[in-house]
Amino acid sequence: MADPIKWKTKIILAKIEGTYGTDAEPAAADAMLMTDVELRPMEGQDIARNIERPHLGAQETIPAGLYATLTGSVELQGSGAAGTAPGWGILMRSCGVAETIVAATSVTYNPVSDGHESSSIYFWMGNTQHKLTGVRGTANITLNAQGIPVARFTLMGLFNTPAEVARVTPDHSAFQVPQVASNKNTPAFSVGGQAMVLSQFGFNLGCDVQQRLLIGREEMLIVDKSESISARVEALTVTTFNPYSIAEARTRQAVQLVHGTQAGKIVTIDAPTCSLGRLTGIEQSQNVAEWPLSLTPLPTNGDDQWTITLT
């Protein structure tokens, strides 16, 4: 009897496609370093035949609308060298996001409405290889005090029949050891130019990914976006920062978060024109009053509602 397939034998590779849905053939150097990974390898529908028969019994179903979904998190850390894209940049580009590299200086990610890229992903567990092609998705970034900042991706791709394929030795050298979010490692968080004490931060790219599986088109499409930011901060006096009057007046607020202090490891999230939502409650942690702020990044000229810059 063959040995069982061990759960912790996962290998994940990802590479940007030159043509949508055409296997980009990722290799060992395209390995992704991920946590909390889940593969749903054969999503879709079961179409019942509903045949009229002279006797009772179950009906046969036919699988249809097949696609695969991969979810997993990457540590939000730069490449270690300014102007060099991080290993997880491929996944970000698969979420309707453009990547701009300035050599030896910076890598910037920003949303785009058209020309969305796609990727091919290989997933091994044991020697069983699952291929996802035409992959697009969305991401949710979280940064909590004394925790590792992560970006959690939900990625959907076209279904390909799994096969037994020799495993590669993944090269994770594009990923650096992360820094926990702390007063030392996370030097700045502000809303409307006001520095705030932050305990929890979330940034959801909010991509609406639809499986467009028709005759003449099989594609994962990003058809809309609705970004959102949440931040739990220590409450201030309303003479210092008044979330009630700001929400009522609809005054736009710039949000900035800077994590990291060393060149090549600095991640800056900017959302320059956010709408502040109603403050629906006041919470507490360790008997200290905190505000759960809800903000919506809004475009000014289009595709400029946020940036993530690595320096």
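Calculation notes
Residues numbered from 1 in each chain as written. Predicted model: local features only at pLDDT ≥ 70, side-chain atom pairs only at ≥ 80, totals over all residues. Heavy atoms only, no water. Helix = DSSP H or I, 4+ residues; strand = E, 2+ residues; numbered from the N terminus. Buried < 20%, exposed > 50% of the residue type's maximum accessible area, 1.4 Å probe, protein only. Contact = heavy atoms within 4.5 Å. Areas by Shrake-Rupley, 256 points an atom, 1.4 Å probe, with all protein chains shown as cover. Lys, Arg positive; Asp, Glu negative; His and termini not counted. Charge placed at Lys NZ, Arg CZ, Asp CG, Glu CD. 1 Å grid on protein atoms, 1.4 Å probe; cavity = no way out; pocket = protein on both sides within 12 Å on 5 of 7 lines; lining within 4 Å. Points joined across faces, edges and corners; volume = space filled by probe spheres on them. Nonpolar A, V, L, I, M, F, W, Y, C, P; charged D, E, K, R; others polar. Salt bridge = Lys/Arg side-chain N within 4 Å of Asp/Glu carboxyl O. Patch = residues over 30% accessible without salt bridge, like charges linked within 9 Å, V, L, I, M, F, W, Y side chains within 5 Å. Phe/Tyr/Trp six-rings, centres within 6.5 Å; stacked < 30°, edge-to-face > 60°. Polar contact = N/O pair within 3.5 Å; in protein donor to acceptor, adjacent residues only side chain to side chain. Disulfide = S-S within 2.5 Å.

Draft legend 1. Region of the structure containing the overall build of the chain. From N to C terminus, the chain includes 2 helices and 20 strands. On the principal axes, the C-alpha backbone points of the chain span a range of 75 × 50 × 40 Å. Counting every position in the chain, which comprises 311 residues, the buried fraction comes to 43%. For the chain, the proportion of contacts with a sequence separation of at least 24, taken over those separated by at least 6, is 68%. When the accessible surface of the chain is summed, it comes to about 15700 Å², and 51% of that surface belongs to carbon and sulfur atoms. In the chain, 21 side chains carry a positive charge and 29 a negative one; their mean positions are 3 Å apart.

Draft legend 2. Looking closely at the layout of surface pockets. Its volume calculated, the largest pocket comes out at about 270 Å³. Along the walls of the largest pocket sit 15 residues, with Ser182, Asn183, Thr186, Val197 and Leu198 positioned nearest its centre. Elements with a minimum of two residues in the lining of the largest pocket: β7 (128-144) and β10 (188-191). In the lining of the largest pocket, the residues fall into 10 nonpolar, 5 polar and no charged. Of the pockets and cavities examined, the second largest pocket occupies roughly 160 Å³. Contributing to the lining of the second largest pocket are Val112, Ser113, His116, Ile222, Val223, Asp224, Lys225, Glu227, Pro299, Gly302, Asp303 and Gln305. Across the lining of the second largest pocket, the residue classes tally to 4 nonpolar, 4 polar and 4 charged.

Draft legend 3. Expanded view of the pattern of salt bridges. One pass over the full model with this rule turns up 10 salt bridges. Close ionic contact of arginine 40 with glutamate 38 constitutes a salt bridge, the shortest N to O distance being 3.5 Å. One salt bridge connects glutamate 219 with arginine 217, and the closest N-O pair in it is separated by 2.6 Å. Salt bridges here are not isolated pairs; linked through shared partners, they connect Glu38, Arg40 and Glu43.

Draft legend 4. How the structure looks around unusual backbone geometry. Here the phi dihedral of glutamine 286 falls at roughly 55 degrees; this positive angle occurs in a residue that is not glycine. Relative to the helices and strands, glutamine 286 resides in the loop between β18 (283-285) and β19 (288-297). A positive phi is found at aspartate 303, a non-glycine position, where the angle reads about 60 degrees. Note that aspartate 303 resides in the loop between β19 and β20 (307-310).

Draft legend 5. Geometry of a nonpolar patch on the surface. Taken together, the side chains of Val238, Tyr244 and Ile282 make up a nonpolar region of the molecular surface, amounting to roughly 290 Å² of accessible area. In this structure, isoleucine 282 sits in the loop between β17 (267-276) and β18.

Draft legend 6. Here's a closer look at the packing of aromatic side chains. Applying the stated rule across the entire model yields 5 aromatic pairs. Ring geometry for tryptophan 88 against tyrosine 109: centres 5.8 Å apart, planes inclined by 35 degrees, an arrangement best described as tilted. Residue tryptophan 88 is located in the loop between β3 (61-75) and α1 (89-93), and its partner tyrosine 109 is located in strand β5 (residues 106-111); the two are separated by 21 residues in the primary sequence. Between phenylalanine 203 and tryptophan 306, the aromatic rings sit 5.3 Å apart at their centres with planes inclined by 75 degrees, giving edge-to-face as the arrangement. On the criterion of sequence distance, the pair formed by phenylalanine 203 in strand β12 (residues 198-204) and tryptophan 306 in the loop between β19 and β20 is long-range, its members being 103 residues apart. Of the two residues, phenylalanine 203 and tryptophan 306, neither departs from the other in class, the shared state being buried.

Draft legend 7. Broad picture of empty space enclosed by the protein. Counted according to the given criterion, the structure contains 4 cavities of 30 Å³ or more. Its volume calculated, the largest cavity comes out at about 60 Å³. Together, Leu33, Glu75, Gln77, Gly78, Gly87, Trp88, Ala174, Phe175 and Gln176 line the largest cavity. Looking at the lining of the largest cavity residue by residue, the classes come out as 4 nonpolar, 4 polar and 1 charged.

Draft legend 8. Structural view of the side chain of serine 275. Along the chain, the position of serine 275 falls in strand β17. Among the polar contacts made by the side chain of serine 275, one reaches the side chain of arginine 250 at a distance of 2.3 Å. For serine 275, the residues in contact, after removing those within four places along its chain, are Arg250, Arg252, Ser294, Leu295, Thr296 and Leu298.

Draft legend 9. Seen up close, the state of the cysteines. A full pass over the atoms with the stated rule returns 0 disulfides. Of the cysteine sulfurs around cysteine 95, a residue in no disulfide, the closest is that of cysteine 207, at 5.7 Å. By relative accessible area, cysteine 95 is classed as buried at 0%. Not part of a disulfide, cysteine 274 finds its nearest cysteine sulfur in cysteine 207, a span of 16 Å.

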